[in-house]
Amino acid sequence: MKKLLVILLMIPLLGFSQRDWSKIEIDTTELTPGLHRLFVANAVSVVVFHGDDGTLVIDAAYEQSAERLMGKIMNLTDQPVKYLINTHLHADHTGGNKLIGREADIIAHPTVKEFLSQEQRRGDNIIPAFPEYAVPNILVDDNMDLEFNGERIQITHLPGGHTEGDLIVYFQEANVAVLGDLLFAGFFPFVDTNNGGHPVQFMENVERIINLFPAEVTFIGGHGPIFNHDDLQNWHNDLAQTFAVVREARDRGLSIEEMKNQRILKKWEEMGNFFITEDRWIETIYPYL
Ligand SMILES: [Zn+2]
């Protein structure tokens, strides 16, 4: 059963295999001059920052959307991609590395290099190891500052939330923080406990982010709409309440099945509309309460 769950869980990360990739939308939002959020297939965020020094890209989305994404980046600038940052190891953020990162230095936590350098098995699918040019070559264990296009870009490792190797990226001048999958904006998050994630640590990392950044900051999550500081606080409050409700139900002696049948998280049903459903969220947090 556990194996089946893991397989089911990995399928959406592979990237919508039924999808017609020639028809996906990539919406572009300008955050500040030179800094854009590209929203791939209404699902995954990519951030593009271009200027005289070249182009920096955060996350490469799916392998199947890489050509379309590269086309969109080239509509914004003819400067080459000098840096590609992978916020973490999942295929919907690293799949495009082979194209987007071909000429670039790729920056990530060491766990991302380790993961992409090995053959990956997902159910019956075997995904070969990435070629060396598509694997991170600049590794961030803790934090790193980058001066680029007149910006100070701060890269920080927040361990053990969504995965072991989550990086967040802050553009100081623009006051934009890119959070990777520590933010599923408006939705229950996926917590990858097979790759070092932990639901309680996830909540602590989000709280740390809330305290770390000023009130006027713009937050870009790996998934979902663009958030401001209040939005992030409200999302954290909602998630904290779901923890409390599940804990209280467990203390009353309810099983996971009974919690699902009684829909104890019905109040937050809209948060289950993306990837992690109400039921999956109960399953995610119950063992860690
Ligand atoms: Zn992820």
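Sequence order as written defines residue numbering, which begins from 1 separately in each chain. Side-chain atom pairs in this predicted model are given and counted only at pLDDT of 80 or more, local residue features only at pLDDT of at least 70, and totals for whole chains, interfaces and linings cover all residues. Note that the side-chain values use all heavy atoms of the structure and ignore hydrogens as well as water.

## Overview of the overall build of the protein
And then number 1: Along the backbone of the protein there are 9 helices and 15 strands.
And then number 2: Against the 2.2 N^0.38 benchmark of 19 Å for 289 residues, the protein shows a C-alpha radius of gyration of 19 Å, consistent with a compact globule.
And then number 3: Seen along its three principal axes, the alpha-carbon backbone of the protein occupies a region of about 60 × 45 × 35 Å.
And then number 4: Buried residues in the protein amount to 53% of all 289 residues.
And then number 5: Here the positive residues are Lys and Arg and the negative ones are Asp and Glu; neither His nor the chain ends is included. Note on charges: their place is set at NZ of Lys, CZ of Arg, CG of Asp or CD of Glu. A gap of 7 Å separates the mean positions of the 23 positive and 42 negative side-chain charges of the protein. Numbering goes from the N terminus for both helices and strands, where a helix is a DSSP run of H or I of at least four residues and a strand is a run of E of at least two. Between the two quantities, the radius of gyration covers C-alpha atoms and the globule rule is 2.2 Å times the number of residues to the power 0.38. We call a residue buried when its accessible area falls under 20% of the maximum for its residue type, exposed when it is over 50%, and partly exposed in between, using a 1.4 Å probe and counting protein chains only.

## Focus: the coordination of the zinc ion
And then number 1: Donor atoms are limited to N, O and S found within 2.8 Å of the metal ion, a distance that becomes 3.2 Å for Na, K and Ca. With water left out, some sites might look partial. At the metal site, the zinc ion is ligated by His88 (NE2), His90 (ND1), His162 (NE2) and Asp181 (OD), and these contacts range over 2.1 to 2.2 Å.
And then number 2: Under this scheme a four-donor centre is tetrahedral when all angles range from 85 to 135 degrees, a four-donor centre is square planar and a six-donor centre octahedral when opposite donors are above 155 degrees with the rest from 65 to 115, and any other centre is irregular. Viewed at the metal, the 4 donor atoms of the zinc ion are separated by angles of 85 to 170°, and the geometry they form is irregular.
And then number 3: All donors of the zinc ion come from a single chain, and their spacing in sequence reads H-x1-H-x71-H-x18-D. Taken together, the residues histidine 90 in the loop between strand S5 (81-85) and helix H3 (91-94) and aspartate 181 in strand S13 (residues 176-184) connect sequence positions 91 residues apart. For the residue pair histidine 90 and aspartate 181, the accessibility class agrees, reading buried in each case.

## As for the sheet that holds strand S4 (residues 54-58)
And then number 1: By this definition, two strands are paired if DSSP reports at least two bridges between them. Spatial ordering of the open sheet is given by S1-S2-S3-S4-S5-S6-S9, a layout of 7 strands whose pairing is mixed. Either end of the sheet is taken by a strand with one partner, and the two such strands are strand S1 (26-32) and strand S9 (138-139).
And then number 2: Any two residues having at least one pair of non-hydrogen atoms within 4.5 Å are treated as being in contact. Lines fitted to the C-alpha atoms define the axes, with helices restricted to the stretch that makes contact. Angles between their N-to-C directions range from 0 to 180 degrees. Lying over the sheet, helix H2 (residues 66-76) contacts S1, strand S2 (35-40), strand S3 (44-51), S4 and S5, oriented at roughly 155° with respect to S2.

## Points about the pattern of salt bridges
And then number 1: Whenever a carboxyl oxygen of Asp or Glu lies within 4 Å of a side-chain nitrogen of Lys or Arg, that contact is scored as a salt bridge. Here the structure, examined in full by the defined rule, presents 11 salt bridges.
And then number 2: For glutamate 257, the salt bridge goes to lysine 260, with nearest N and O atoms at 3.4 Å. Within this pair, glutamate 257 and its partner lysine 260 are both found in helix H8 (residues 256-261), separated by 3 residues, close to a single helical turn.
And then number 3: By relative accessible area, which is 14% here, lysine 260 ends up buried.
And then number 4: Within this structure, Arg263, Lys266, Glu269 and Glu278 form a network of salt bridges that share partners.

## What about the sheet that holds strand S14 (residues 218-223)?
And then number 1: On the basis of which strands lie adjacent, the open sheet formed by 6 strands has the order S10-S11-S12-S13-S14-S15 and mixed pairing. Each of the sheet's edge strands pairs with one partner strand only, and the pair in question is strand S10 (143-148) and strand S15 (227-228).
And then number 2: In the sheet, strand S12 (residues 167-171) pairs with S13 via 3 bridges, with the strands oriented antiparallel. Bridged to valine 169 within S13 is valine 178.

## Regarding the confidence of the model for the protein
And then number 1: Residue-level confidence of the predictor is what pLDDT reports, using numbers from 0 through 100. Confidence along the protein averages 94 in pLDDT terms, with 94% of residues attaining 70 or more.
And then number 2: Every residue in residues 1-15 is under pLDDT 50, and counting partners more than four places away or in other chains gives 21 contacts.

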